[in-house]
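Geometric and topological summary
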Amino acid sequence: MKYIIFQFSIFALVLFSTTDILAQKKKNTTSPAVFNPANRPKNLSDTALLELVQKQTFRYFWEFGHPVSGMARERSNVAFDYGDEVVTTGGTGFGIMAMIVAAERGWVPRDSVSNRLLKMVKFLSKADHYHGIFPHWLNGGTGKIIPFGRKDDGGDLVESSFLFQGLLCAKQYFNGNNNVERDLRNRITWIWDEAEWDWYTRGNPDQLFWHWSPNHGWAMNFELRGYNETLITYILAASSPRYPINAQVYDKCWAQSDHFKNGKEFYGVKLPLGFDFGGPMFFAHYSFLGLDPRNLKDKYANYWEQNVNHTLINYKHCVANPGKFKGYGDNSWGLTASDTFDGYNAFSPTNDFGTITPTAALSSFPYTPEQSMKAMRHFYDDLGDKIWSEYGFTDAFNESQNWYAKSHLAIDQGPIIVMIENYRTGLLWKLFMSNPDVQNGLKKLNFESPALKSISKN
């Protein structure tokens, strides 16, 4: 690959998907027989368009969820020779949060959502796990692991953190005094309590590792160092009521890297943390679906400033368009990890080949509402005939290559729904930050947040 990929989940995808994805075939057995994007509603207000994009994208998780487990399928097309059974733990976490939005907005009845989530949680309680931590992929019918790579056949701490982020939001939201919601809360608590986050330190209080395999042990050897999408992993690991990590690992492992602190300016915007030019946009999304970045601070950064500035750098790069790619501009921007014309890649200003991914701009609504709305309008009004579908926008497009994806990925669809909702109401931020274990974890790692202060007063 031309791009030196970071030590995060995209690493394994890029290693083997670039060739495999070329052989994939479109197969979506639950979608309507005919969907004509030309018939989409026209002349919508901004509010109506936001609602439509959220609701349409939600269908990926609700209608296309695995029929046995209810969990989110990895993607809408068959890839990697695994057929239709691949479900993703991290993408399911995003889907759970999307279902909360659906219940709150009345797209589907609350009891339908709680029953679906209860089915998912019952499935997870019997699925393969490794010291309470789930693998990246599961077979959605059997709960058995589907290896993500040759040695990646065990627990995935980061994907599990995305899952638990969603589960803890569900526990806070479904607080009703009925049998289903009580059962759902109790089962989430049990799964959460049994996750052994401290196992993934290998007994060293200064280290935290991404993977452990019963067959290969610590052979993957990925420490969670440097600023990327895994901040949520440290916060949840510190929040664990039974198996927490020591707080010092946050300083000794996470913050000890040559790509943690930055402080330089790019396109006139200062970037506190991370790689030069910020890296892919999902760094500003995945951890912050539930974690409220508004004036969230520790001794390293103000995370609202970090995410806003990261987004602005990504936007300004696309407007400047140093690669002279077709279709870039102030209404067509957003570089992150996605499918592309020759496989799959993690795009950023330092790894730009002309592929725009809608989730990058749309999941950034809290940070850049005006720029994100311009992008949404362009994607829907101008490009809708090519990229609007029964599940919202397709994964990506590259106008220089005259390529428009037909695929959807759970990890790209979910943040669109959730982050637009956080922009509109802050719903998921309020839920996640209200969890007592999360509050304790944030305090343990010496975070400051207005949400913590407001909670302590109540």
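Because the structure is predicted, anything quoted here is derived from the model rather than measured.

1. Details of the overall build of the chain
If you tally the helices and strands in the chain, you get 16 helices and 12 strands. Computed over the C-alpha atoms, the radius of gyration of the chain is 20 Å, within 12% of the 23 Å expected from 2.2 N^0.38 for a compact globule of 458 residues. Dimensions along the principal axes, computed over C-alpha positions, put the chain at roughly 50 × 50 × 50 Å. Within the chain, counting contacts between residues at least 6 apart in sequence, those at least 24 apart form 70% of the total. Accessible area of the chain: about 16,400 Å², with a carbon and sulfur share of 47%. Placing the 46 positive and 46 negative side-chain charges of the chain at their respective mean positions leaves the two points 3 Å apart.

2. Observations regarding helix α4 (residues 110–126)
In a regular helix each residue adds 1.5 Å, so 17 residues correspond to 24 Å; α4 covers 25 Å between its end C-alpha atoms and thus fits that length. For α4, every residue scored as buried is listed here: Val113, Ser114, Arg116, Leu117, Leu118, Met120, Val121, Phe123 and Leu124. Against α2 (46–62), α3 (89–105), β2 (137–139), α5 (157–173) and α6 (179–193) lie the buried residues of α4.

3. Let's talk about the pattern of salt bridges
Under the defined criterion, the tally for this structure stands at 17 salt bridges. A salt bridge links Asp128 to Lys144, with the nearest nitrogen and oxygen atoms 3.9 Å apart. A residue pair is termed long-range when its members are at least 10 positions apart, and Asp128 in the loop between α4 and β2 and Lys144 in the loop between β2 and β3 (155–156) qualify at 16 residues. Between Arg187 and Asp183 there is a salt bridge whose closest N-O contact spans 2.9 Å. Of this pair, Arg187 and Asp183 both sit in helix α6, 4 residues apart, which is roughly one turn of the helix. A residue is classified by how much of its surface remains accessible, and Arg187, at 32% relative accessible area, is partly exposed. Beyond isolated ion pairs, a larger network of salt bridges with shared partners links Glu51, Arg105, Glu421 and Arg424.

4. As for the pairing of strand β7 (residues 337–340)
Of the pairings in the sheet, the one linking β7 to strand β8 (residues 343–346) comprises 4 bridges and is antiparallel in character. Bridging across to β8, Asp339 finds its partner in Tyr344. A loop of 2 residues connects β7 with β8, the two strands running antiparallel in sequence.

5. Observations regarding the confidence of the model for the chain
Averaged over the chain, the pLDDT score is 92; the fraction of residues at 70 or greater is 91%. When the criterion is pLDDT under 50, residues 1–33 qualifies, and its contacts beyond four places in sequence or with other chains add up to 87 contacts.

6. Describing the nonpolar core
Counting 111 residues, the largest nonpolar core has Leu291 and Tyr303 as its most contacted members. The greatest single-element share of this core, amounting to 10 residues, is contributed by α5. Setting aside chain neighbours within four positions, we find Leu291 in contact with Gln165, Leu231, Ile232, Ile235, Leu296, Trp429, Phe432, Met433 and Leu442. If you look at the next biggest cluster of nonpolar residues, it comprises 28 residues, including Val53, Leu362, Phe379 and Tyr404.

7. Description of the environment of Val319
Relative to the helices and strands, Val319 is located in helix α9 (residues 303–320). Between the C-alpha atom of Val319 and that of Thr88, which follows or precedes it by 231 residues, the distance is 34 Å. What Val319 contacts, discounting residues up to four positions off in sequence, is Gly329 and Asp330.

8. Some words on unusual backbone geometry
The backbone of Phe277 sits at a positive phi, close to 70 degrees, despite the residue not being glycine. Its relative accessible area of 25% is what places Phe277 among the partly exposed residues.

9. Looking at helix α7 (residues 231–239)
By the criterion of burial, α7 is predominantly enclosed, with 9 of the 9 residues buried. Of the positions making up α7, those classed as buried are Leu231, Ile232, Thr233, Tyr234, Ile235, Leu236, Ala237, Ala238 and Ser239. The inward-facing, buried residues of α7 contact α5, α6, α8 (248–254), α9, α14 (427–433) and α15 (436–444).

10. Focus: the packing of α3 against α5
Running from N to C, α3 and α5 point in directions that differ by 20 degrees, and their axes come no closer than 6 Å. Accordingly, the angle class assigned to the pair α3 and α5 is roughly parallel. Relative to α5, the crossing made by α3 is left-handed. Counted together, Thr89, Gly90, Gly91, Thr92, Gly93, Phe94, Ile96, Met97, Ile100, Ala103 and Glu104 of α3 and Glu159, Phe162, Leu163, Gln165, Gly166, Leu167, Cys169, Ala170 and Tyr173 of α5 form the full contact between these two elements. Taken together, the residues that form the contact of α3 with α5 break down as 11 nonpolar, 7 polar and 2 charged.

11. Notes on the side chain of Thr355
Relative to the assigned elements, Thr355 resides in the loop between β8 and α10 (358–362). A polar side-chain atom of Thr355 sits 2.7 Å from a polar atom in the side chain of Thr340. Among the polar contacts made by the side chain of Thr355, one reaches the side chain of Asn398 at a distance of 3.1 Å. Apart from the residues lying within four places of it in its own chain, the contact partners of Thr355 are Tyr328, Gly334, Leu335, Ser338, Asp339, Thr340, Phe341, Phe347, Ala396, Phe397, Asn398 and Trp403.

12. Some details on the packing of α3 against α4
Following both chains from N to C, one finds α3 and α4 inclined at 160 degrees, their axes separated by 9 Å at the closest point. Judged on the interaxial angle alone, α4 and α3 are roughly antiparallel. Judged by the twist between their axes, the crossing of α3 over α4 is left-handed. Together, Thr92, Ile96, Met99 and Ala103 of α3 and Arg110, Val113, Arg116, Leu117 and Met120 of α4 make up the contact between the two elements.

What counts, and at which threshold
Residues numbered from 1 in each chain as written. Predicted model: local features only at pLDDT ≥ 70, side-chain atom pairs only at ≥ 80, totals over all residues. Heavy atoms only, no water. Helix = DSSP H or I, 4+ residues; strand = E, 2+ residues; numbered from the N terminus. Rg over C-alpha atoms; globule rule 2.2 N^0.38 Å. Contact = heavy atoms within 4.5 Å. Areas by Shrake-Rupley, 256 points an atom, 1.4 Å probe, with all protein chains shown as cover. Lys, Arg positive; Asp, Glu negative; His and termini not counted. Charge placed at Lys NZ, Arg CZ, Asp CG, Glu CD. Expected span 1.5 Å × (residues − 1). Buried < 20%, exposed > 50% of the residue type's maximum accessible area, 1.4 Å probe, protein only. Salt bridge = Lys/Arg side-chain N within 4 Å of Asp/Glu carboxyl O. Pairing = 2+ DSSP bridges. pLDDT = per-residue confidence, 0-100. Core = buried A, V, L, I, M, F, W, Y, C linked by side-chain atoms within 4.5 Å. Axes fitted to C-alpha atoms, helices over the stretch in contact; angles between N-to-C directions. Parallel < 35°, antiparallel > 145°, perpendicular 65-115°, else oblique. Left-handed = near helix turned anticlockwise from the far one by under 90°. Nonpolar A, V, L, I, M, F, W, Y, C, P; charged D, E, K, R; others polar. Polar contact = N/O pair within 3.5 Å; in protein donor to acceptor, adjacent residues only side chain to side chain.

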